[in-house]
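Fold and geometry: a report
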Amino acid sequence: EAGVAQSPRYKIIEKRQSVAFWCNPISGHATLYWYQQILGQGPKLLIQFQNNGVVDDSQLPKDRFSAERLKGVDSTLKIQPAKLEDSAVYLCASSLIGRTQETQYFGPGTRLLVL
Amino acid sequence: QQQVKQSPQSLIVQKGGISIINCAYENTAFDYFPWYQQFPGKGPALLIAIRPDVSEKKEGRFTISFNKSAKQFSLHIMDSQPGDSATYFCAAKEYGNKLVFGAGTILRVKS
């Protein structure tokens, strides 16, 4: 079974530029998550999709971050414009639906450095 | 607001020793408590998980101890090996499968 795919793996940009990250979840997983992991901290949920609808985006800085999941499969996360404090690893995860299907499977992440 | 507090930040254990990582939470609505293991350059991977109706769960060398009244849970790694050197995160699940993570513990097992 293929895992969660993410690209690019690394990205370096100047502040105020825009950047986009792509995620392809495990086949059949209806729920998709984007996390931000700042160095030395645990992952923080930014947004959660179920199929192509948003379940939770309470911690997404909506003035600069946006995400979409067209057709309920792939997803993109965009930052525009980027700030220095956005430097982090952006992790995508996916899971099945159901009370006993809580396991979230993470991709390798995209490491973003904002200069 | 840190909903899940994890300690210690880092831990050095001799090969063959026991590694113990502790977590505490406040929100009694949490209903699932996983531990994730993360190697450098990789995403976190589920190691072991427990529900609050169980006080202990063991899988191989890994054991979760859960104290519902104290709102604490811990990970014990028996016979720790150099290959266990990684960052460990505790987490707690609230509504809608939303995970709240602790800050992580960097474990180094010395051979």
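Every chain's residues receive numbers from 1 upward, in the order its sequence appears when written. Whichever chain is written first becomes A and whichever ligand is written first becomes 1, with later ones labelled in order. In keeping with the predicted nature of the model, local features appear solely for residues at pLDDT of at least 70, side-chain atom pairs appear and are counted solely at 80 or more, and the whole-chain, interface and lining totals rest on all residues. Each side-chain value is worked out from all heavy atoms of the structure, with water and hydrogens disregarded.

With that settled, the discussion passes to the interface of chain A and chain B. Should any heavy atoms of two residues lie within 4.5 Å, those residues are counted as being in contact. With 24 residues of chain A at the contact, the number on the chain B side is 19 residues. Summed over both partners, the accessible area lost on bringing two parts together, with a 1.4 Å probe, is the buried area. A combined buried area of about 1600 Å² lies between chain A and chain B, and 45% of that area is made up of carbon and sulfur atoms. When a carboxyl oxygen of Asp or Glu is within 4 Å of a side-chain nitrogen of Lys or Arg, the pair counts as a salt bridge. Counting across the chain A and chain B interface gives two salt bridges. Put simply, Arg-51 of chain B and Glu-102 of chain A hold a salt bridge, and the shortest N to O gap is 2.6 Å. Two N or O atoms form a polar contact when they lie within 3.5 Å of each other; inside protein one atom must be a possible hydrogen donor and the other a possible acceptor, and for residues adjacent in sequence the pair counts only when both atoms belong to side chains. Viewed at the interface, chain B and chain A are joined by eight residue pairs in polar contact (both at pLDDT 80 or more). The way it works is that DSSP assigns letters per residue, a run of H or I at least four long becomes a helix, a run of E at least two long becomes a strand, and they are numbered from the N terminus. Elements represented by at least two residues in the side of chain A that touches chain B include exactly β4 (31–37), β5 (44–50) and β9 (88–95) of chain A. Tallying contributions element by element places β4 of chain A first for the side of chain A that touches chain B, with three residues.

Phe-33, Trp-35, Phe-73, Leu-75 and Tyr-88 of chain B are the most contacted members of the largest nonpolar core, which totals 25 residues. Of all elements in the fold, only β2 (10–14), β3 (19–25), β4 (33–38), β5 (45–50), β7 (62–67), β8 (72–77), β9 (86–94) and β11 (105–110) of chain B reach the threshold of two or more residues within this core. The leading source of residues in this core is β9 of chain B, at four residues. Other than its neighbours up to four places away in sequence, Leu-75 of chain B contacts Ser-19, Ile-20, Ile-21, Trp-35, Leu-47, Ile-48, Phe-62, Thr-63 and Tyr-88 of chain B. If you look at the next biggest cluster of nonpolar residues, it comprises 21 residues, including Ile-26, Leu-32, Ala-88 and Cys-92 of chain A. We call a set of buried Ala, Val, Leu, Ile, Met, Phe, Trp, Tyr and Cys residues a nonpolar core when their side-chain atoms join them within 4.5 Å. Remark: exposure states derive from per-residue accessible area (1.4 Å probe, protein chains only) relative to the maximum for the residue type, with buried under 20%, exposed over 50%, and partly exposed in between.

A few words on the packing of aromatic side chains. Aromatic contacts are taken between Phe, Tyr and Trp rings whose centres are within 6.5 Å, Trp giving its six-membered ring; a plane angle under 30 degrees counts as stacked, one over 60 as edge-to-face, and the others as tilted. Counted according to the given criterion, the structure contains 18 aromatic pairs over all chains. Seen from their ring centres, Tyr-35 of chain A and Phe-106 of chain A are 5.3 Å apart, and the 45 degrees between their planes marks the pair as tilted. Pair noted here: Tyr-35 of chain A is in strand β4 and Phe-106 of chain A is in strand β10 (residues 105–106), with a separation of 71 residues, a long-range link. Judged by centre distance (5.5 Å) and plane angle (85 degrees), the ring pair of Phe-106 of chain A and Tyr-36 of chain B falls under edge-to-face. With Phe-106 of chain A in strand β10 and Tyr-36 of chain B in strand β4, this residue pair bridges two chains. Across the pair, exposure class does not vary: Phe-106 of chain A and Tyr-36 of chain B are buried alike.

In this section: the environment of Ser-80 of chain B. Residues and elements named next belong to chain B. Secondary-structure assignment places Ser-80 in the loop between β8 and β9. Assessed through its relative accessible area of 0%, Ser-80 is described here as buried. Apart from residues no more than four positions distant in its own chain, Ser-80 is found in contact with Val-13, Gln-14, Lys-15, Gly-16, Gly-17, Ile-18, Ser-19, Arg-61 and Val-109.

This part covers the state of the cysteines. Residue and element names in this part refer to chain A. Our working definition of a disulfide is a cysteine sulfur pair at a distance within 2.5 Å. Here the structure, examined in full by the defined rule, presents two disulfides over all chains. Here Cys-23 connects covalently by a disulfide to Cys-92, the sulfurs 1.9 Å from one another. Torsion about the S-S bond of the Cys-23 and Cys-92 cystine: about -70 degrees, corresponding to left-handed handedness. Separated by 69 residues along the polypeptide, Cys-23 in strand β3 (residues 19–24) and Cys-92 in strand β9 bring together distant segments of the chain. The class for Cys-92 is buried, based on a relative accessible area of 0%.

With that settled, the discussion passes to the side chain of Thr-63 of chain B. For Thr-63 of chain B, the location among the structural elements is in strand β7. Each residue touching Thr-63 of chain B, except ones within four places of it in the same chain, is listed here: Ile-48, Glu-56, Lys-57, Lys-58, Ser-74, Leu-75 and His-76 of chain B.

Residue and element names in this part refer to chain B. Taken in spatial order, the five strands of this open sheet run β1-β3-β8-β7-β6, and their pairing is antiparallel. Unpaired on one side and paired on the other, β1 (4–7) and β6 (56–59) mark the two borders of the sheet. Between one strand axis and the next, the sheet turns by 15 degrees as a mean value, whatever way the strands run. Pairing between strands is defined by DSSP: at least two bridges between them are needed. Pairing analysis gives four bridges linking β6 to β7, with the strands arranged antiparallel. Counterpart to Lys-57 in the pairing with β7 is Ile-64. Note on definitions: angles span 0 to 180 degrees between N-to-C directions of axes, and those axes are lines fitted to C-alpha atoms, for helices only across the stretch in contact.

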